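So you can see what is in the structure, the chains are spelled out below.
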Amino acid sequence: MNNNKITTTNPYNGETLESYTLHSKEELKEKLNLANEEFKSWKTTEISDRVELLSNLADELENDKTSLSLLMTKEMGKPISESIAEIEKCIFLIDFYAQNAEDFLADSIIKTDAHESFISYDPLGCILAVMPWNYPFWQVFRFAIPTLTAGNVGLLKHASNVTGCALAIEELFIKAGFPKGCFQTLLAKHEDIEELIGNDIIKAVSLTGSEKAGKSIAETAGKHLKKCVLELGGNNACIILKDADLDKHIDTIVKARMQNSGQSCIAAKRFVVVEEIYDEFLEKFTEKVENLKYNNPENTETTISCLARPDLADTLEDQVKKSIDLGAKVHYGNSRSNAYYEPTILTNITREMPVFREETFGPIAAIIKVSNEEEAYQIALDSRFGLGSMVFTEDYEKATERILDIEDGAFFINEMVKSDPRLPFGGTKASGYGRELSKEGILEFVNTKTIYINK
Ligand code: NAP
């Protein structure tokens, strides 16, 4: 981004894709006013009418799946098969809320001394979403679908490198028949966003992004007493206990780290492996990583791609280098070219290394050998972040005894931590607060209003 322009670039080949002019302050104000006007009528529409538009939106996504997937792949380098899967997941999310939103938002009767008392879940107004590039459609849809269905209107400030996706999403809402001010994309600088948060029309903010962005947005929102939901980074542990069935789960375990070329907040970043199974794990994990297919992300066979921008590879390189300086050993990989970072396996990991303490946003697996189960959980819990933990063991009942010990937003047993519209999603500690998806997600941006009626 420079001055008033955003230029998008294909990270795989460095080709310039498109150039966009940022919205002027006047244009941003117009969009804000339009959102405010639209809210007055949108909030009075029946939920059933909003749900009807959802099914149009699902149809639009289905119709444009090929071109939208390609746009995503060109802008941020995701393998095309994963882009297609992302669009399909958005459709699943839409279907989920189409089926359940009316139940989730129905008045909740509570017996008290009143003649009648209940909770009414009313929309708040205009909600600002600041979103990341790693899942350019999914992140936006998981904000927008519940938020709009609850009767709010939305404004999106997407990551600059996926501006084409941001505009395509706005267009999809229009094509599906949503009124014009219901969902709008803003092309804006950070300073403009901070100013917008202070505007009375904005009632709350949802940010998915880095810890740094989270602190900055939360500070501004706090200053103006605006609610915010923060979905930030993570360095999830994946515990492998001595009785884990590796033949059954190794594909899932590798996917947990390498999907989206390692650029997922909930990816397994630290593998904590009990010594009895360590050699077998390392061998099987390495074999699968060796088989990942790097190629043009537009090729359907490609399973691992470049990162979304060369500077992201710079950060990763720095984290790996510092960890090696502190004694980490390269077991596999570790070459780099522009935005491409080779899938890399590091061993001899200690707690002070960046690959242990920080979030690594790329295909780097830090493997930690521990002597027993107790130590495995202790190491896994040693994190500033709190998105999720996973454990692989045949004794799933014993693993459930650890539920209370896990401080994260999620604990998955014999499965990778993943998002699912039916289940709440969110973190604790430096991973943020608030929840998206499920009933909890649709109730984040509502006024939980108490109604008390006496005769
Ligand atoms: P980022 O650099 O924090 O950017 C995220 C969004 O915030 C972008 O739209 C960015 O705009 C904007 N932004 C950053 N600072 C801002 C500020 N001061 N004021 C207004 N807007 C600001 O993160 P990213 O590199 O795009 O995404 C990767 C991060 O997101 C990782 O840490 C990942 O773990 C996290 N993430 C978390 C979740 C979750 O659910 N917990 C999901 C996905 C990703 P520009 O692009 O214009 O800078």
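See the structure above.
Our subject in this report is the structure included herewith. Given the structure is predicted, the values throughout are model-derived calculations rather than measurements. (Residues numbered from 1 in each chain as written. Predicted model: local features only at pLDDT ≥ 70, side-chain atom pairs only at ≥ 80, totals over all residues. Heavy atoms only, no water.)

### Quick look at helix 9 (residues 246-258)
Consideration 1: Compared with an ideal rise of 1.5 Å per residue, which puts 13 residues at 18 Å, helix 9 spans 17 Å between its outermost C-alpha atoms and is within 8% of the ideal.
Consideration 2: Here helix 9 has its buried residues at L246, H249, I250, I253, V254, A256, R257 and M258. Looking straight down helix 9, one finds its buried side chains confined to an arc of 165°; they lie on one side.
Consideration 3: The inward-facing, buried residues of helix 9 contact strand 10 (236-240), strand 11 (268-274), helix 10 (275-290), strand 16 (364-370) and strand 18 (389-392).
Consideration 4: Between a side-chain oxygen at the N-terminus of helix 9 and the backbone nitrogen of D247 the separation is 3.3 Å; the capping residue is D245.
Consideration 5: Following helix 9 by one or two positions, N260 has its phi on the positive side, about 60°. (Helix = DSSP H or I, 4+ residues; strand = E, 2+ residues; numbered from the N terminus. Expected span 1.5 Å × (residues − 1). Buried < 20%, exposed > 50% of the residue type's maximum accessible area, 1.4 Å probe, protein only. Arc of directions from axis to C-beta. Contact = heavy atoms within 4.5 Å. Polar contact = N/O pair within 3.5 Å; in protein donor to acceptor, adjacent residues only side chain to side chain.)

### Section: the sheet that holds strand 15 (residues 344-347)
Consideration 1: Pairing within the open sheet is mixed, and its 7 strands lie in the order 12-15-16-11-10-18-19. Looking at which strands have only one partner, the edges of the open sheet turn out to be strand 12 (329-332) and strand 19 (411-413). Averaged over all neighbouring strand pairs, the angle between strand axes comes to 25°, with direction disregarded.
Consideration 2: Sheet topology note: the strand 10/strand 11 ladder contains 5 bridges and is parallel. Within the sheet, the bridge partner assigned to N236 lies in strand 11 and is A268.
Consideration 3: Helix 10 contacts strand 10, strand 11, strand 12, strand 15 and strand 16 of the sheet and is inclined by roughly 140° relative to strand 11. (Pairing = 2+ DSSP bridges. Axes fitted to C-alpha atoms, helices over the stretch in contact; angles between N-to-C directions.)

### Thoughts on the pattern of salt bridges
Consideration 1: Applying the stated criterion across every chain, the model contains 32 salt bridges.
Consideration 2: Between E62 and K65 there is a salt bridge, with its nearest N and O atoms 3.3 Å apart.
Consideration 3: E62 sits in the partly exposed class, given a relative accessible area of 41%.
Consideration 4: Across the salt bridge formed by E359 and K269, the nearest N and O atoms sit 3.1 Å from each other. Here E359 is found in the loop between helix 12 (354-357) and strand 16, whereas its partner K269 is found in strand 11, with 90 residues between them in sequence.
Consideration 5: Judged by its relative accessible area of 1%, K269 is buried. (Salt bridge = Lys/Arg side-chain N within 4 Å of Asp/Glu carboxyl O.)

### Regarding the packing of aromatic side chains
In this description, an aromatic ring pair is defined by two values, namely the gap between the centres and the angle between the planes.
Consideration 1: All told, the structure shown has 15 aromatic pairs when counted by the stated rule.
Consideration 2: Both rings, one in F96 and one in Y97, keep their centres 5.1 Å apart while their planes meet at 75°; by these two values the pair is edge-to-face. Y97 carries the same exposure label as F96, and that label is buried.
Consideration 3: A centroid spacing of 6.4 Å and a plane angle of 75° characterise the contact between Y97 and F104, whose relative ring orientation is edge-to-face.
Consideration 4: The structure contains a cluster of three or more aromatic residues connected by ring pairs, namely W42, F137, F141, F173, F178 and F183.
Consideration 5: Above the ring of F356, the side-chain terminus of R270 is found at 4.8 Å from the ring centroid.
Consideration 6: A cation over an aromatic ring shows up here: R384 above the ring of F385, its NZ or CZ 5.2 Å from the ring centre. (Phe/Tyr/Trp six-rings, centres within 6.5 Å; stacked < 30°, edge-to-face > 60°. Lys NZ or Arg CZ within 6 Å of the ring centre and 35° of its normal.)

### What about the nonpolar core?
Consideration 1: One finds F137, F141 and F285 to be the most contacted residues of the largest nonpolar core, which totals 143 residues.
Consideration 2: In terms of residues, this core owes the most to one element, helix 4 (residues 80-105), which gives 10 residues.
Consideration 3: Structurally, this core is a two-domain feature, drawing no fewer than three residues from each of domain 1 (5-232 + 431-453) and domain 2 (236-420).
Consideration 4: For F137, the contacting residues outside a window of four places in its chain are L61, L68, M72, E86, I87, C90, C165, A168, I169 and L172. (Core = buried A, V, L, I, M, F, W, Y, C linked by side-chain atoms within 4.5 Å. Domains from an automatic or database assignment.)

### Brief notes about the site of the ligand
Consideration 1: As a structural note, the neighbourhood of the ligand is formed by 30 residues, with R142, S160, S210, L232 and E359 the closest of them.
Consideration 2: The contact in question runs from an oxygen atom of the ligand to an N or O atom on the backbone of A159, over 3.2 Å.
Consideration 3: Residue L232 places a main-chain N or O atom 2.6 Å away from a nitrogen atom belonging to the ligand.
Consideration 4: Considered on its own, the ligand offers 900 Å² of accessible surface; in the complex 89% of this is hidden by protein.
Consideration 5: Elements that contribute at least two residues to the shell around the ligand include exactly helix 5 (138-149), helix 7 (190-197), strand 8 (202-208) and helix 8 (211-223).
Consideration 6: Its residues placed into classes, the shell around the ligand shows 15 nonpolar, 10 polar and 5 charged.
Consideration 7: Lining the shell around the ligand are residues from two domains, each supplying at least three of them: domain 1 (5-232 + 431-453) and domain 2 (236-420). (Near = heavy atom within 4 Å. Areas by Shrake-Rupley, 256 points an atom, 1.4 Å probe, with all protein chains shown as cover. Nonpolar A, V, L, I, M, F, W, Y, C, P; charged D, E, K, R; others polar.)

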